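Structural overview for review
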Amino acid sequence: MSEHPLRPTRRAVLAGTLGALGALAAAGPVARAADRLPPIGGATAPADWSRAVIDSTMKRYTPAKIGGWGYTLGLYLYGQYLFYKRTGEQKYLDYIVAWYDRFITDSGISNSFTNLDSMRSCQMLPLLFAETGRKKYKTAADQLRKRFPAYPRTSDGGMFHATSKVGQLWGDGVYMAQPFLALYGAAFADGGYCFEESAKNLVVYFSHLREPAKGLLYHAYDEDGSESWASGTGHHSKYHWARAIGWFGMAAIDILEVLPANHPRRAALIEIVQFLAAGYQRYQDASTGRWYQVVDRGGDSKNWLETSASSMYTFTMARGVQRGYLPASYQAVADRGYAGVLKKVSVGSDGLTNITDICEGTNVGDLSYYYARARKTNDFHGLGAFLIMNEQYSH
């Protein structure tokens, strides 16, 4: 990739941001838990599971064939970016750039951003601008930033999951939009709006979704209670779907990475991490180290242990310990989760990796709906979450 003539200045502007976000790929001594775990996968296991998963994915798909614009590819490619930041191997960044360049032109991006899911892939835009100096990535990032003031919200400021889902807040949604907004604020000196708005949304969502007695979150909330799944005076859904809670934990961690130390909402976000970690610990499956699709119903015969959420919980706790948000005792909980997830990763006869028991994309539903969701292999929800977790453990 060619150097942009203004790149040194731009890199200087972004140095703090890339330092913070790069820390997502640089766990430090406290996260060297892999050194304390028994060997997993036998003598033929890859030396670096992140490399093995990414190389396998790149062999399966070219950037043109891996899929269209959407949050799952944004999640996966962000995980690949963390690996690139650790190794510095250009081909991994080139692959990411090739995918983004299918959608980003000199004019930016053609997207009306009518739902939070459509925003997740924009997380990479400030990072790609810093890596390449190409103005089009900032142009596209600016387009999404300008969308936020008019994006519809609940009366207390929570962004609707989609413009068509009036008054609805889904736990998934915070990860789709708020880490981008916080990163944009840090990257482009727009923290006054971006830091407050991103952190506020986590606090608002949390106030409606939390279940204090269990340390868990409900999947969704409907402000006027008109949805069939909205229950009681709280107007929330009835069940604790694992991945929604995992998205929430990772969102809190990512925002904390760039939120200024003196920001007035920082303490509230740390309290969210602590709340979630207590629930993770309480409901971790003792025999496998993983977590169930519906977190608090491990005794139901139709329930099943889900890999993407298990990766997300593991990452959140390991990073929480590293940053001092959580007591050191949570490292052992994270280590059990890490070992449990690695048991769902293998190398097939074709030499390519497989990650199993990943829940497909999921709406709000009843128990039978959650239990019946397809258990996929190599779904990008799971590949991306695995990479984020594994990069935490790879330093």
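Figured I'd write up the structure that's included with this text. For every chain, the first residue of its written sequence is number 1, and the numbers climb from 1 along that sequence. Given that this is a predicted model, residues contribute local features only at a pLDDT of at least 70 and side-chain atom pairs are listed and counted only at 80 or more, while totals for whole chains, interfaces and linings are drawn from all residues. Excluding hydrogens and water, the side-chain values take into account all heavy atoms of the structure.

1. A closer look at the packing of helix α7 (residues 173–187) against helix α9 (residues 242–258)
Axis definition: a line fitted to C-alpha atoms, over the contacting stretch in the case of helices. Angles run 0 to 180 degrees between N-to-C directions. Put simply, DSSP marks the helices as runs of H or I at least four residues long and the strands as runs of E at least two long, and each gets a number from the N terminus on. Following both chains from N to C, one finds α7 and α9 inclined at 5 degrees, their axes separated by 9 Å at the closest point. With respect to α9, the axis of α7 lies roughly parallel. Residues Val174, Tyr175, Met176, Gln178, Pro179, Ala182, Leu183 and Ala186 of α7 touch α9, and the partners they reach there are Trp247, Phe248, Met250, Ala251, Asp254, Ile255 and Val258. Residues are sorted three ways: Asp, Glu, Lys and Arg are charged, Ala, Val, Leu, Ile, Met, Phe, Trp, Tyr, Cys and Pro are nonpolar, and all the rest, Gly among them, are polar. Grouping the constituent residues of the contact of α7 with α9 by class yields 13 nonpolar, one polar and one charged. Orientation categories follow fixed angle ranges, with anything under 35 degrees roughly parallel, anything over 145 roughly antiparallel, 65 to 115 roughly perpendicular, and all other angles oblique. Throughout, a residue-residue contact means that at least one pair of heavy atoms, one from each residue, lies within 4.5 Å.

2. What to know about the layout of surface pockets
Summary: where empty space remains is shown by rolling a probe the size of a single water molecule over the atoms. Both site types are read off a 1 Å grid over the protein atoms alone. A 1.4 Å probe that fits but cannot get out defines a cavity, while an open set with protein on both sides within 12 Å along at least five of seven lines defines a pocket; lining residues have an atom within 4 Å of a point. Grid points are joined across faces, edges and corners, and a volume is the space filled by probe spheres set on the points. If you add up the space inside the second largest pocket, you get close to 160 Å³. Looking at the second largest pocket, it is lined by 16 residues, and the ones nearest its centre are Tyr71, Asp117, His161, Asp172 and Thr362. In terms of residue class, the lining of the second largest pocket is made up of six nonpolar, six polar and four charged.

3. Digging into the environment of Phe275
For Phe275, the location among the structural elements is in helix α10 (residues 266–283). The rule is simple: take the accessible area with a 1.4 Å probe, protein chains only, and divide by the maximum for that residue type; under 20% is buried, over 50% is exposed, in between is partly exposed. Of the residues examined, Phe275 reaches a relative accessible area of 17% and is grouped as buried. As for Phe275 and Leu217, which are separated by 58 residues in sequence, their C-alpha atoms are 9.8 Å apart. Apart from the residues lying within four places of it in its own chain, the contact partners of Phe275 are Phe206, Arg210, Glu211, Pro212, Gly215, Leu216 and Leu217.

4. Some remarks on the packing of aromatic side chains
Aromatic pairing here means that ring centres of Phe, Tyr or Trp (its six-membered ring) are within 6.5 Å. Orientation follows from the plane angle: under 30 degrees is stacked, over 60 is edge-to-face, and everything else is tilted. For the structure shown, the criterion picks out 23 aromatic pairs. Ring geometry for Tyr280 versus Trp291: centroids 6.4 Å apart, planes at 65 degrees, classification edge-to-face. Pair noted here: Tyr280 is in helix α10 and Trp291 is in strand β7 (residues 291–292), with a separation of 11 residues, a long-range link. Look at Tyr280 and you get buried, because its relative accessible area is 1%. Judged by its relative accessible area of 0%, Trp291 is buried. Arranged with centres 4.0 Å apart and planes meeting at 5 degrees, the rings of Tyr338 and Tyr393 form a pair that is stacked. Separated by 55 residues along the polypeptide, Tyr338 in helix α12 (residues 330–342) and Tyr393 in the segment after α14 (380–392) bring together distant segments of the chain. Take Tyr338: its relative accessible area is 6%, and that puts it in the buried class. Three or more aromatic residues link up through ring pairs in this structure, and these residues are Phe129, Phe148, Phe180, Tyr184 and Phe188. Any Lys NZ or Arg CZ that is within 6 Å of a ring centre and within 35 degrees of that ring's normal is treated as a charge sitting over the ring. For Arg120, the ring lying beneath its charged end belongs to Tyr78, and the centroid distance is 5.4 Å. Cation over ring: Lys138 sits above Phe188, and NZ or CZ is 4.9 Å from the ring centre.

These figures come from the coordinates and say nothing about function on their own.
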